[in-house]
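Residue-level structural notes
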Amino acid sequence: MKKYDVFVLGTGTAGKLVANRCKNAGLKVGIIDNREYGGTCSQRGCDPKKLLLASSEAVDYARNMQGDGVEGEVNINWRDAYNYIRRYTQNIPDNTESSLKENGIDCYHGDGSFVDEKTFVFDDTTITANYFVIATGMQPRPLTIPGADHLLTSEDFFKMKDVPEKMVFIGGGYIGMEFSHMMARAGVKVTIIEQGDQILSPFEKFVADYLMEDSIKLGIDIKLESTLSSVEKKDGRFVVHYGNEGSIHQITTDVVYNTTGRVPSTKSLHLDKAGVVTDQGSVVVNDCLQSTTNERFYACGDVTNMNLPLTPLSNLEGAIAAKNIIEGKHPLVPVDIPSVAFTIPQVASIGLNEAQAKNQNKKFKVLKGDASGWFNTRRMNAGTYAYKVLVDDETGMVLGAHIVSHEAGETINLFSVAMNHDITFQHLQQTVFTYPSWANDLKSF
Ligand SMILES: Cc1cc2nc3c(=O)[nH]c(=O)nc-3n(C[C@H](O)[C@H](O)[C@H](O)COP(=O)(O)OP(=O)(O)OC[C@H]3O[C@@H](n4cnc5c(N)ncnc54)[C@H](O)[C@@H]3O)c2cc1C
Ligand SMILES: NC(=O)c1ccc[n+]([C@@H]2O[C@H](COP(=O)([O-])OP(=O)(O)OC[C@H]3O[C@@H](n4cnc5c(N)ncnc54)[C@H](O)[C@@H]3O)[C@@H](O)[C@H]2O)c1
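Residues numbered from 1 in each chain as written. Chains lettered and ligands numbered in written order. Predicted model: local features only at pLDDT ≥ 70, side-chain atom pairs only at ≥ 80, totals over all residues. Heavy atoms only, no water.

**Considering the packing of helix H1 (residues 13-24) against helix H9 (residues 311-327)**
Relative to each other, H1 and H9 sit at 30°, their axes nearing to 8 Å. When the axes of H1 and H9 are compared, the pair comes out roughly parallel. Like other packed secondary-structure pairs, H1 and H9 cross with a definite hand, here right-handed. Packed against H1, whose contacting residues are Thr13, Ala14, Leu17, Val18, Arg21 and Cys22, the element H9 presents Thr311, Ser314, Asn315, Gly318, Ala319, Ala321, Ala322, Ile325 and Ile326 at the interface. (Axes fitted to C-alpha atoms, helices over the stretch in contact; angles between N-to-C directions. Helix = DSSP H or I, 4+ residues; strand = E, 2+ residues; numbered from the N terminus. Parallel < 35°, antiparallel > 145°, perpendicular 65-115°, else oblique. Left-handed = near helix turned anticlockwise from the far one by under 90°. Contact = heavy atoms within 4.5 Å.)

**So, the site of ligand 1**
Surveying the vicinity of ligand 1 reveals 34 residues, the closest of which are Asp33, Arg35, Thr40, Lys49 and Asp302. Contact distances for ligand 1 include 2.6 Å between an oxygen atom and a side-chain N or O atom of Asp33. At 2.7 Å from an oxygen atom of ligand 1 is found a side-chain nitrogen or oxygen belonging to Lys49. Taking 1,000 Å² as the accessible area of ligand 1 by itself, protein coverage stands at 93%. At the level of elements, H1, strand E2 (29-33), helix H2 (39-44), helix H3 (46-64), helix H7 (174-185) and H9 are the ones that each hand at least two residues to the shell around ligand 1. (Near = heavy atom within 4 Å. Polar contact = N/O pair within 3.5 Å; in protein donor to acceptor, adjacent residues only side chain to side chain. Areas by Shrake-Rupley, 256 points an atom, 1.4 Å probe, with all protein chains shown as cover.)

**With respect to the sheet that holds strand E11 (residues 226-234)**
Overall, antiparallel pairing links the 3 strands, which are arranged E11-E12-E13 in an open sheet. This sheet does not close on itself; its edge strands, each paired only once, are E11 and strand E13 (247-253). The mean angle between the axes of side-by-side strands here comes to 25°, regardless of whether they run parallel or antiparallel. As paired elements, E11 and strand E12 (residues 237-244) share 8 bridges and run antiparallel to each other. If you follow Lys234 over to E12, its bridge partner there is Arg237. (Pairing = 2+ DSSP bridges.)

**Side note on the domain arrangement of the protein chain**
When the domains of the protein chain are assigned, the result is domain 1 (2-139 + 263-326), domain 2 (148-260) and domain 3 (339-444). For the pair domain 1 and domain 3, the summed buried surface comes to about 850 Å²; carbon and sulfur atoms form 58% of the total. Of all residues in domain 1, Leu53, Tyr61 and Asn64 give up the largest surface area on contact with domain 3, accounting jointly for 42% of the area buried on that side. Where domain 1 packs against domain 3, one counts 3 residue pairs in polar contact (both at pLDDT 80 or more). For the side of domain 1 that touches domain 3, the class distribution of residues is 4 nonpolar, 2 polar and 5 charged. (Domains from an automatic or database assignment. Buried area = accessible area lost by both parts, 1.4 Å probe. Nonpolar A, V, L, I, M, F, W, Y, C, P; charged D, E, K, R; others polar.)

**Looking at the site of ligand 2**
In the vicinity of ligand 2, 21 residues are found, and the nearest of them are Ile175, Glu178, Glu194, Pro309 and Val340. At 2.9 Å from a nitrogen atom of ligand 2 is found a side-chain nitrogen or oxygen belonging to Glu178. Between ligand 2 and Gln195 there is a distance of 3.1 Å, counted from a nitrogen atom to a backbone nitrogen or oxygen. Contact with the protein chains covers 81% of the free accessible surface of ligand 2, which is 850 Å². Broken down by secondary-structure element, the contributors of at least two residues to the shell around ligand 2 are H7 and E11.

**Concerning the nonpolar core**
Formed by 63 residues in total, the largest nonpolar core has its most connected members in Phe157, Phe169, Met183, Val389, Phe415, Phe425 and Phe445. Setting aside its immediate chain neighbours within four residues, Phe415 contacts Ile350, Val389, Val398, Ala401, Ile403, Phe425, Leu428, Leu442 and Phe445. Core analysis: the second largest hydrophobic core is formed by 43 residues, Ile134, Ala135, Tyr298 and Ile325 among them. (Core = buried A, V, L, I, M, F, W, Y, C linked by side-chain atoms within 4.5 Å. Buried < 20%, exposed > 50% of the residue type's maximum accessible area, 1.4 Å probe, protein only.)

**Observations regarding the packing of aromatic side chains**
Each aromatic ring pair is specified by the distance between its two centres and by the angle formed by the two planes. Taken as a whole and assessed by the stated rule, the structure comprises 28 aromatic pairs. Between Phe206 and Tyr210 the ring centres are 5.5 Å apart and the planes differ by 80°, which places this aromatic pair in the edge-to-face class. Of this pair, Phe206 and Tyr210 both sit in helix H8 (residues 205-217), separated by 4 residues, roughly a single helical turn. An aromatic cluster of at least three residues, connected via ring pairs, comprises Tyr4, Phe7, Tyr108, Phe114, Phe120, Phe122, Phe132 and Phe297. Its end group placed over the ring of Tyr4, Lys28 keeps NZ or CZ at 5.0 Å from the ring centre. (Phe/Tyr/Trp six-rings, centres within 6.5 Å; stacked < 30°, edge-to-face > 60°. Lys NZ or Arg CZ within 6 Å of the ring centre and 35° of its normal.)

**Observations concerning the sheet that holds strand E10 (residues 221-223)**
Overall, parallel pairing links the 4 strands, which are arranged E10-E9-E8-E14 in an open sheet. Across the chains shown, the open sheet's two edge strands, defined by having one partner strand only, are E10 and strand E14 (255-258). Between one strand axis and the next, the sheet turns through 15° on average, direction left out of account. Pairing of strand E8 (residues 166-170) with strand E9 (residues 189-193), which is carried by 5 bridges, proceeds in the parallel orientation. Bridging across to E9, Phe169 finds its partner in Ile192. The strands touched by H7 are E8 and E9; relative to E9, the strand with the most contacts, the crossing angle is about 165°.

**Some points on the UniProt feature "domain: FAD/NAD(P)-binding" (unreviewed entry) in the protein chain**
Cross-referencing UniProt, the feature "domain: FAD/NAD(P)-binding" (unreviewed entry) maps to residues 4-310 in the present numbering. As a span, residues 4-310 carries 29% helix and 28% strand, and end to end its C-alpha atoms are 29 Å apart. (UniProt positions renumbered as here; feature names shortened; annotations may be inferred.)

**Things to note about the packing of H3 against H7**
Geometry of a packed helix pair, given as the angle between the helix axes and the separation of the axes. It is at 10 Å that the axes of H3 and H7 come closest, and there the two elements cross at 50°. One element, H3, and the other, H7, form an angle in the oblique class. You can see that H3 and H7 cross each other, and the crossing is left-handed. Note on element contacts: H7 touches H3 through Glu178, Phe179, Met182 and Arg185, opposite Lys49, Leu52, Leu53, Ser56, Asp60 and Arg63. Residues of the contact of H3 with H7, tallied by class, amount to 4 nonpolar, 1 polar and 5 charged.

**Digging into the pattern of salt bridges**
Summed over the entire model, instances satisfying the criterion amount to 14 salt bridges. Where Arg185 meets Asp60, a salt bridge forms, and the shortest distance between an N and an O atom there is 3.0 Å. With Arg185 in helix H7 and Asp60 in helix H3, this pair connects stretches of sequence that are 125 residues apart. The exposure class assigned to Arg185 is buried, which follows from its relative accessible area of 7%. (Salt bridge = Lys/Arg side-chain N within 4 Å of Asp/Glu carboxyl O.)

Below is the structure:
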């Protein structure tokens, strides 16, 4: 039997942060993970994805500049790119664990569950704690269609040593689109089967449509309003059956990735025995990130029912959960959250889209345009560049911004500063920026 002030489940972005903050405040802290330490973002999410993307970006840049200063064919060497991410990820588990231990946190490995409101058990160890923190994140959504066991996930993507000739992604969300763009640039014939009527459904249709057009030009075959029905293995390949407009179609391919979303990792924890209520697996928390049904429990990161599952939010929520455990009442103040899909071009967004602003009866003006001919894209033959910004008539504040461009993920951060610090769009436009730069383009929006 071990007793802690705080016991954290999960060693990803959120879990590590809570554990370290609580320990630094003088509390006795233990942490556990049921797999290697370090979590999703650094090992099987954002970071390895961006490392892989670096070669796609380099190739794309060089190809666009052919005949305008660059000559010679440039291609992606996937095996080298695979080794490149391995070199980055391989030390993360050990480094994460040793840094937690050096801070005086007790580190455990195991797959445990709750037996009552204050007791967690794994192997032959029993843990009691004043506070438990659930930071177990999410995992790929399992599908139940016939042949589901043939489907690979985003985790398998990062273990792929060589690229096949053909690939199918089920789901054209963040992961499906980001991976498709990398694969198409590596020479793979990609098909996306997406049940919705647009790709990247959380994004404003105006910018998602530009990406749709670019993706098609890149050679990606996108089947919208199409739902996967089954997958069968045939002669060492896979036949994907999907429904569209009432009939069933099929595609033969080498690999099929399930990129239909992610679900909270809470099933094996038996949170019900601890009196912690969940909603579709997500831990239901109040604005202090405390379980609404057991005050000994906090939750943060992807596993909560609070925010979008993104790394900056796992960080933010981890910090708030720690502050509440250490000091008491510190509610999470709602913030405007920027988000970007790392395709080429990138699609980025913050705040309300036009339909949402109308539904909320806002009075606003829409600044929208195609900037493909502007200097920033022209100088690198980068092609697509478009924006839509919603500005409140009364306050002059930005209600929402939506951009598709080579650097949309950076430009959107300027809107985040403005929206989160009450800077009007006019003041943003009046700011002096470097020239020529993407930030400076805001003056012409
Ligand atoms: C392919 C991909 C690309 C992404 N790209 C981006 C991006 O570019 N930008 C961005 O902001 N976000 C991105 N995300 C999302 C981002 O990775 C997550 O939001 C973030 O990692 C969540 O952090 P977390 O600490 O909440 O959970 P995690 O990092 O998932 O940590 C949860 C930890 O809990 C452990 N765990 C699970 N179950 C148990 C259990 N029963 N007992 C003990 N431990 C358990 C897990 O092993 C894991 O170590 C991406 C995700 C994926 C999959
Ligand atoms: N750049 C980033 O910030 C980034 C990158 C990757 C992941 N993420 C995070 O991870 C989360 C999960 O990403 P994701 O791409 O797995 O999920 P997602 O929710 O973004 O996309 C899933 C897509 O699959 C479609 N779909 C679901 N079931 C289907 C079916 N049976 N047949 C066909 N299509 C189907 C959905 O309509 C949706 O478009 C995201 O919500 C995001 O928060 C962020």
